[in-house]
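# A closer look at the structure
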Amino acid sequence: MGKVLTAIGLMSGTSMDGIDVALIETDGETIVRRGPSAGYAYEPRFRDRLKQGLEDAKSIRKRDERPGALAELERDLTLRHAESVKVFLYENNLLRNNIDVIGFHGQTVLHRPDEALTVQIGDGELLARETLIDVVFDMRANDMVHGGQGAPLIPAYHAALARGLSESSEIETPVAFVNIGGISNITFIGAGDGIVAYDSGPGNTLIDQWVEAQAGIPYDQGGMIASEGSVLPELAERYLAHPFFSSEKRRSLDRNDFSPPAATDASLEDGARTLAHVTAAAILQSARHLPKNPATYIVCGGGRLNPVIMGDLGSLAEAAGGRVLAAEALGLNGDSMEAEAWAYLAVRSLRGLPLSYPGTTGVRRPVSGGRRAARPKDALGAQG
Ligand SMILES: Nc1ncnc2c1ncn2[C@@H]1O[C@H](COP(=O)(O)OP(=O)(O)OP(=O)(O)O)[C@@H](O)[C@H]1O
Ligand SMILES: CC(=O)N[C@H]1[C@@H]2OC[C@@H](O2)[C@@H](O)[C@@H]1O[C@H](C)C(=O)O
């Protein structure tokens, strides 16, 4: 085993609901320990600024451009991450001197894999100065340089989790991890080291956009609105016929690839019900391109907390011979898995190990990635 490092991962996902923080101990191959985790929600005004950031980013042609208010947003986003780290260390009685590295995702504001352009705002140097901890950031760029789509990157971590599970539990194989965040993605764990992964459809984004536009609320908590509605087959089909699902090349999605229905398309409840169905059906539709039908789907991300999505996913998977389990059923944490992954990937980056593979992002060969921002030198001896 390589040197075991203590790493913190920071994820601000496409739902833009807040910052997830998680600590793990790992050598970048084996996960030695999954430690504490936490989520720090953005207040509505900051979420609005992030949404405006997506608009400002639309004119970006080179990834270091920061039009509109993006430069200021990047700084404030980074400072919020620094604050989250400080609170996390305090709440968990941890000393910063005992943390070897932070894996910093930042916020995706633009993702156009067809143009080899992906932009995550987040200033790694500033984060290292503010936290006095080494930072690895910008982990998607090198994959794109080598022909990959820059996402998904979590599959390497799913594979490590699966290795741990196969030692300790009796779940039926093959296993697929499904992350239902703003966008959903799926990782198929084949025999040996074979993993196949890609984004699988609109996760919660359409549902969030729909209930926000129609009812002024940020998400359909517990699927309560959807549970009052009915699936509108024509509307569902409009989404499931999207060219993404038949494309040979496209493996990753941007938040803007799908648009929410028009107000006239459905009642609030039927719209939420239909979109929950679309989320589940898109995952199963995408799973058809996997090498085999998964026997077990392990679900993480906020969508697992929507029983309407989970109900549909369960019945569609069952029809294809599979069983759906929430990550918690296997002792995993469905809220912190992405943040854990970014901690894991940071350690892999430090060791020069691959972050992505031809079977995950479509990259030409397995490649590492990430940029390193060292903490200020005079902080090395200081007490955390
Ligand atoms: N209790 C709940 N009931 C229903 N839906 C929920 C609940 N909690 C969270 N969600 C949904 O999950 C979303 C957040 O999921 P998550 O944090 O996994 O996304 P993310 O990490 O931002 O996205 P991505 O994985 O695409 O980067 C929320 O926007 C909401 O739609
Ligand atoms: C460009 C980008 O930020 N993509 C995200 C998004 O959210 C889910 C899905 O789309 C996935 O491809 C990716 O995030 C996860 C963490 C990943 O890279 O594995």
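Here the structure is a predicted model, which means the values were calculated and not measured. (Residues numbered from 1 in each chain as written. Chains lettered and ligands numbered in written order. Predicted model: local features only at pLDDT ≥ 70, side-chain atom pairs only at ≥ 80, totals over all residues. Heavy atoms only, no water.)

### As for the environment of G229
As for its placement among the helices and strands, G229 is situated in the loop between α6 (205–215) and α7 (233–240). Take G229: its relative accessible area is 17%, and that puts it in the buried class. Residues G229 and F188 lie 41 residues apart in sequence; the distance between their C-alpha atoms is 32 Å. Aside from chain neighbours lying at most four places away, what touches G229 is E269, D270 and R273. (Helix = DSSP H or I, 4+ residues; strand = E, 2+ residues; numbered from the N terminus. Buried < 20%, exposed > 50% of the residue type's maximum accessible area, 1.4 Å probe, protein only. Contact = heavy atoms within 4.5 Å.)

### Here's the deal with the UniProt feature "binding site: ATP" (unreviewed entry) in the protein chain
Mapped onto this structure's residue numbering, the UniProt feature "binding site: ATP" (unreviewed entry) falls at G13, T14, S15, M16, D17, G18, I19 and D20. Along the chain, D17 falls in the loop between β1 (5–11) and β2 (18–26). Setting aside residues up to four positions removed in sequence, D17 forms contacts with A41, Y42 and R47. If you trace the backbone, G18 turns up in strand β2. (UniProt positions renumbered as here; feature names shortened; annotations may be inferred.)

### Observations concerning the pattern of salt bridges
A complete count under the given rule lists 20 salt bridges for this structure. Ionic pairing is found between E25 and R33, a salt bridge with its closest N-O pair at 3.1 Å. You can call E25 partly exposed: its relative accessible area is 21%. Two residues, E29 and R351, come together in a salt bridge whose shortest N-O distance is 3.1 Å. Of the two residues, E29 is situated in the loop between β2 and β3 (31–41) and R351 in the loop between α10 (337–350) and β13 (371–373); the sequence distance between them amounts to 322 residues. (Salt bridge = Lys/Arg side-chain N within 4 Å of Asp/Glu carboxyl O.)

### Observations concerning the pairing of strand β6 (residues 117–121)
Taking burial as the measure, the five residues of β6 include five buried ones, the bulk of the element. Side-chain alternation along β6 places L117, V119 and I121 on one buried face and T118 and Q120 on a second face that is also buried. Bridge count between strand β5 (residues 107–112) and β6: five bridges; the pairing is antiparallel. In the strand pairing of β6, L110 is matched with V119. In this antiparallel pair of consecutive strands, β5 and β6, the connection spans four residues, and A116 shows a positive phi of 55 degrees. (Pairing = 2+ DSSP bridges.)

### Topic: the sheet that holds β2
Taking strand neighbours across the sheet as the criterion, the six strands line up as β3-β2-β1-β4-β7-β13 in an open arrangement whose pairing is mixed. Unpaired on one side and paired on the other, β3 and β13 mark the two borders of the sheet. Neighbour-to-neighbour, the strand axes of this sheet turn through a mean angle of 20 degrees, independent of strand direction. As paired strands, strand β4 (residues 101–104) and strand β7 (residues 135–137) are joined by three bridges and run parallel to one another. The residue bridging I102 from the neighbouring strand is V135, located in β7. (Axes fitted to C-alpha atoms, helices over the stretch in contact; angles between N-to-C directions.)

### With respect to the packing of α6 against helix α8 (residues 268–287)
Two elements in contact, α6 and α8, have axes separated by 9 Å at closest approach and are oriented at 170 degrees. Accordingly, the angle class assigned to the pair α6 and α8 is roughly antiparallel. The segment α6 lies against α8, with L206, I207, W210, V211, Q214 and A215 engaging L268, G271, A272, L275, A276 and T279. Looking at the contact of α6 with α8 residue by residue, the classes come out as nine nonpolar, three polar and no charged. (Parallel < 35°, antiparallel > 145°, perpendicular 65-115°, else oblique. Nonpolar A, V, L, I, M, F, W, Y, C, P; charged D, E, K, R; others polar.)

### A closer look at the sheet that holds strand β9 (residues 183–189)
Hydrogen bonding along the main chain pairs the strands of a sheet, whether they run parallel or antiparallel. Strand order in the open sheet made by the five strands is β10-β9-β8-β11-β12, with mixed pairing throughout. Because the sheet does not close on itself, it has two edges, and the strands there are β10 (195–202) and β12 (323–326). Neighbour-to-neighbour, the strand axes of the sheet open up by a mean angle of 20 degrees, direction not taken into account. Contacting β8 (175–180), β9, β10 and β11 (296–300), α8 crosses the sheet at an angle of about 150 degrees to β10.

### A word on the packing of aromatic side chains
A complete count under the given rule lists four aromatic pairs for this structure. An angle of 50 degrees between the planes, with centres 5.0 Å apart, marks the rings of Y42 and F46 as tilted. Each member of the pair Y42 and F46 is classed as buried. Chaining the aromatic ring pairs together yields one cluster made of F244, F245 and F258. (Phe/Tyr/Trp six-rings, centres within 6.5 Å; stacked < 30°, edge-to-face > 60°.)

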